[in-house]
Amino acid sequence: MAQKPSYYVTTPIYYVNAAPHLGTAYCTILADVQARFRRACGYDVKFLTGTDEHGEKVELAAKAHDMTPTQWVDSLIPQFTDTWDKLEISNDVFMRTTSPEHVRSVSHLWERMRDAGYIYKGSYDGWYCVHEETYYTETQVAHADEAAGTQGQHLCPECGRALERVEEESWFFKLSEFQDRLLAFYDEHPDFVQPAFRMNEVRTFVEGGLKDLSVSRTSFDWGIPVPFDDKHVTYVWFDALLNYATAAGFGDPSEEGKASYAFRWPAQTHVVGKDIIRFHCVIWPAMLMAIGEPLPEHVFAHGFLTVRNEETGAAEKMSKSRGNAIAPSDVIDLLGVEGYRWYFMSDVEPGTDGAISYGRMEQVYNADLANSWGNLVSRTLNMSAKYFGGCGPELPQDWATRESPLRDVAEGIYERYAEHMGAFAYSEAAKVVMELIHAANHYIEDTAPFSLAKDPERADELAFVMGNLLEAIRISAHLTAPFMPATSLEVLTRMSHEDEADTDDLKAACVWGGLRGGLPVTKGAALFPRLDTKSK
Ligand code: ME8
């Protein structure tokens, strides 16, 4: 059998000391839906998420909790793994930057950088935000202070916390040498940054000129030592970005490691938030260029989830540090996991910032899931079980070629859906599926199977109608599976088609006519009980 092509997709590795919230979960589900879609399309998928565990911030937090940094980071991992399990995240790797293979990989990076001549020792004198783990120039700080009316206070342009003055010996990465090569790369790969409008921001930044980057620190210990200068530990971003390559096998000298790296690298898509676009679209490609490794194909940058500030009425980025973060469990309690995933993926556009609200969640859940998808499944399976002795109808050989309005809607549906899915345009893909679901609900009204069932002379017609409905459900279950995998499995199981659930040929699975007639059908409990929180 021919080897499946690789599809390697990643989320950011999140800072370990901020519990996952709706924002980080949003990014992780975006990547999960893509991973599930690609598996169904026949790719050999590697899906990475993980945690970013080094740096001054973590060292300080560990001290404050009277723990060693290792004890501290170990204690925080379950809050990630438990949340991702709950949200049905199907990652193949959970990358921790404290893992021995990553430490080895970072050492390898340093050696390669030195051999390539792109690092040098100097001294750094400037501003640093421990919370953001980011260096800022005098000009950036002055602009931010001016804009906020906090002249002279030296506050972080990103989070507003007091900046630290760093004056220390440091290794530098010659980022300034990559301006032309990066611009040429963007020209040759106009879809490197997605959505397309974000490319402008990246390009403008690079056109403005690049400064060499300080990539080691000496004033604290919690980091990966520079292999040839053990007073220094690696700057946390220099370490963190490399994680994507580590997990593919970078720096692993074994035959297995080399084979893995050859197959997996470069990654197809790094899914990130817009806040870290420069790290992923400027620094990371320059690091790879420096050591002569291929660059990832795409960086998909999503916007922020925002919540309304009660006092000012303004939309604010949701974050733990602003104290406005909503925990995933709160939304799971309301919508269930599958409803949660459907709402965020179908209704919150990933390109731009998206305001979320409980009212809208309820609206989408009721309209799409309770009233449409859940209702269609429950009515159809109920009727089928009732009219055909607990089974689907027996189907004449030519049934799938006969005229049917549902067949018309299903025609070419995979192609329309797949184009949107591949481009992370999930809300558009969801609309395509909902067209079929709505058409099937209308078809029940138009054909009235409950009346046909009363007339024995129309038994063939009834079987045909019910076959059409079950077929529309079968296809919809496949198309909704990346969003709501457990529901799709449940629906296919109730129709005795669960053997199709893990398909790696979604296109074939969506061809009209795949339904097998006469198999047991069970109605089961309501998939999405209607929410009525307003009246409570
Ligand atoms: O930056 N809305 O980690 P981090 C949507 N460790 N997404 C949000 C969000 C919001 N309100 N808030 C956070 C780091 N995110 C580094 C990454 S990668 C080599 C190192 C998401 O824990 C969004 O995807 O601060 C953002 O880019 C990411 O969380 C930042 O996570």
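Conventions and cut-offs
Residues numbered from 1 in each chain as written. Predicted model: local features only at pLDDT ≥ 70, side-chain atom pairs only at ≥ 80, totals over all residues. Heavy atoms only, no water. Helix = DSSP H or I, 4+ residues; strand = E, 2+ residues; numbered from the N terminus. Rg over C-alpha atoms; globule rule 2.2 N^0.38 Å. Contact = heavy atoms within 4.5 Å. Areas by Shrake-Rupley, 256 points an atom, 1.4 Å probe, with all protein chains shown as cover. Lys, Arg positive; Asp, Glu negative; His and termini not counted. Charge placed at Lys NZ, Arg CZ, Asp CG, Glu CD. Near = heavy atom within 4 Å. Polar contact = N/O pair within 3.5 Å; in protein donor to acceptor, adjacent residues only side chain to side chain. Buried < 20%, exposed > 50% of the residue type's maximum accessible area, 1.4 Å probe, protein only. Right-handed = clockwise from strand over helix to strand, strands pointing away. Pairing = 2+ DSSP bridges. Axes fitted to C-alpha atoms, helices over the stretch in contact; angles between N-to-C directions. Core = buried A, V, L, I, M, F, W, Y, C linked by side-chain atoms within 4.5 Å. Expected span 1.5 Å × (residues − 1). Bend = angle between axes of the 7 residues up to and from the residue. Parallel < 35°, antiparallel > 145°, perpendicular 65-115°, else oblique. Left-handed = near helix turned anticlockwise from the far one by under 90°. Nonpolar A, V, L, I, M, F, W, Y, C, P; charged D, E, K, R; others polar. Salt bridge = Lys/Arg side-chain N within 4 Å of Asp/Glu carboxyl O.

For the protein, the count of helices and strands is 20 helices and 16 strands. A compact globule built from 536 residues would reach a C-alpha radius of gyration of about 24 Å, and the protein, at 26 Å, matches this within 12%. Once the C-alpha set of the protein is aligned to its principal axes, its extents read approximately 90 × 60 × 45 Å. A separation threshold of at least 6 residues defines the contact pool for the protein, and within that pool the share at least 24 residues apart is 77%. Element-wise, carbon and sulfur atoms account for 50% of the exposed surface of the protein, whose accessible area totals about 22400 Å². With 48 positive and 79 negative side-chain charges, the protein shows a separation of 2 Å between the mean positions of the two kinds.

Neighbouring residues of the ligand: 24 residues in total, closest Ile13, Asp52, Asp275, Leu305 and Met318. Here an oxygen atom of the ligand sits 2.9 Å away from a polar atom, N or O, in the main chain of Gly273. Asp275 places a side-chain nitrogen or oxygen 2.7 Å from an oxygen atom of the ligand. Look at the ligand: alone it shows 670 Å² of surface, and the protein chains cover 94% of it. Within the residue set of the shell around the ligand, elements represented by two or more residues are strand S1 (6-15), helix H1 (22-40), helix H8 (236-241) and strand S12 (269-273). In terms of residue count, S1 provides more of the shell around the ligand than any other element does, four residues in total.

Of all the nine residues making up strand S2 (residues 44-52), eight are buried; the element is thus mostly covered by neighbouring parts of the structure. Taken together, S1, H1 and S2 form a β-α-β motif whose crossover is right-handed. The pairing of S2 with strand S3 (residues 93-96) spans four bridges and is classified as parallel. Along S3, the bridge assignment pairs Thr49 with Phe94.

Before going further, it helps to examine unusual backbone geometry. Residues Gln194 and Pro195 are joined by a peptide bond in cis, for which omega reads -15°. Relative to the assigned elements, Pro195 resides in the loop between strand S7 (193-194) and helix H7 (197-207). At Ser496, a residue that is not glycine, the phi angle is positive and equals roughly 60°. For Ser496, the position within the fold is in the loop between helix H19 (485-494) and helix H20 (506-509).

All right, on to the sheet that holds strand S8 (residues 213-214) then. By definition, the strands of a sheet pair up through backbone hydrogen bonds, in either a parallel or an antiparallel sense. The sheet built from four strands is open, its strands ordered S5-S4-S6-S8 with antiparallel pairing. Of all the strands in the sheet, the pair left with one neighbour each is strand S5 (134-136) and S8. In terms of strand pairing, strand S4 (residues 119-129) meets strand S6 (residues 164-173) through ten bridges, oriented antiparallel. Bridged to Gly122 within S6 is Ser170. Lying on the sheet, helix H11 (residues 277-290) is in contact with S5, S6 and S8; it crosses S6 at an angle near 35°.

Core analysis: the largest hydrophobic core is formed by 104 residues, its most contacted members being Phe344, Ile356, Trp373 and Tyr417. Of the residues forming this core, the biggest block, twelve residues, is contributed by helix H16 (residues 426-447). One finds Phe173, Leu210, Trp237 and Ile283 within the second-largest nonpolar core, a separate group that totals 67 residues.

Quick look at the pairing of strand S13 (residues 298-302) now. Of all five residues in S13, five are buried; the element is thus mostly enclosed. With two bridges connecting them, S7 and S13 associate as parallel partners. Each bridged residue has a counterpart across the sheet, and for Gln194 the counterpart in S13 is Phe300. As defined by bridge partners, S12 adjoins S13 across five bridges and the pair is classed as parallel. Within the sheet, the bridge partner assigned to Gly273 lies in S13 and is His302. On the question of chirality, the crossover connecting S12 to the parallel S13 by way of H11 is right-handed.

Here we have six strands laid out as an open sheet, ordered S3-S2-S1-S12-S13-S7, and parallel in their pairing. Either end of the sheet is taken by a strand with one partner, and the two such strands are S3 and S7. As paired strands, S1 and S2 are joined by eight bridges and run parallel to one another. Counterpart to Tyr8 in the pairing with S2 is Lys46.

In this section: the environment of Asp82. Its place among the elements puts Asp82 in helix H3 (residues 69-86). Note: C-alpha distance between Asp82 and Asn375 (293 residues apart in sequence) is 31 Å.

Turning our eyes to something else, we now look at helix H12 (residues 328-347). With 20 residues, H12 extends only 17 Å from end C-alpha to end C-alpha; this falls clearly short of the ideal 28 Å at 1.5 Å per step. Gly336 marks the point of greatest bend in H12, at about 100°. Burial analysis of H12 places 14 of its 20 residues in the buried class, the great majority of the element.

The geometry of H1 relative to H12 is characterised by a closest axis approach of 11 Å and an angle of 40° between their N-to-C directions. It follows that H1 is oblique to H12 by the angle criterion. You can see that H1 and H12 cross each other, and the crossing is right-handed. Here Leu22, Ala25, Tyr26, Ile29, Leu30, Asp32, Val33 and Arg36 of H1 lie close against H12, whose contacting residues are Pro328, Val331, Tyr340, Arg341, Phe344 and Met345. For the contact of H1 with H12, the residue count by class is eleven nonpolar, no polar and three charged.

The tally for this structure, following the rule as stated, stands at 35 salt bridges. Residues Glu428 and Lys431 are paired through a salt bridge, measuring 3.0 Å at the closest nitrogen-oxygen approach. One end of the pair, Glu428, and the other, Lys431, are both in helix H16, three residues apart, so they sit about a helical turn from each other. On the basis of relative accessible area, Glu428 is assigned to the partly exposed category, the value being 30%. Look at the salt bridges and you will find they share partners, linking Glu471, Arg474, Asp499, Glu500 and Arg516 into a network.

Worth remembering: the numbers are spatial, not functional.
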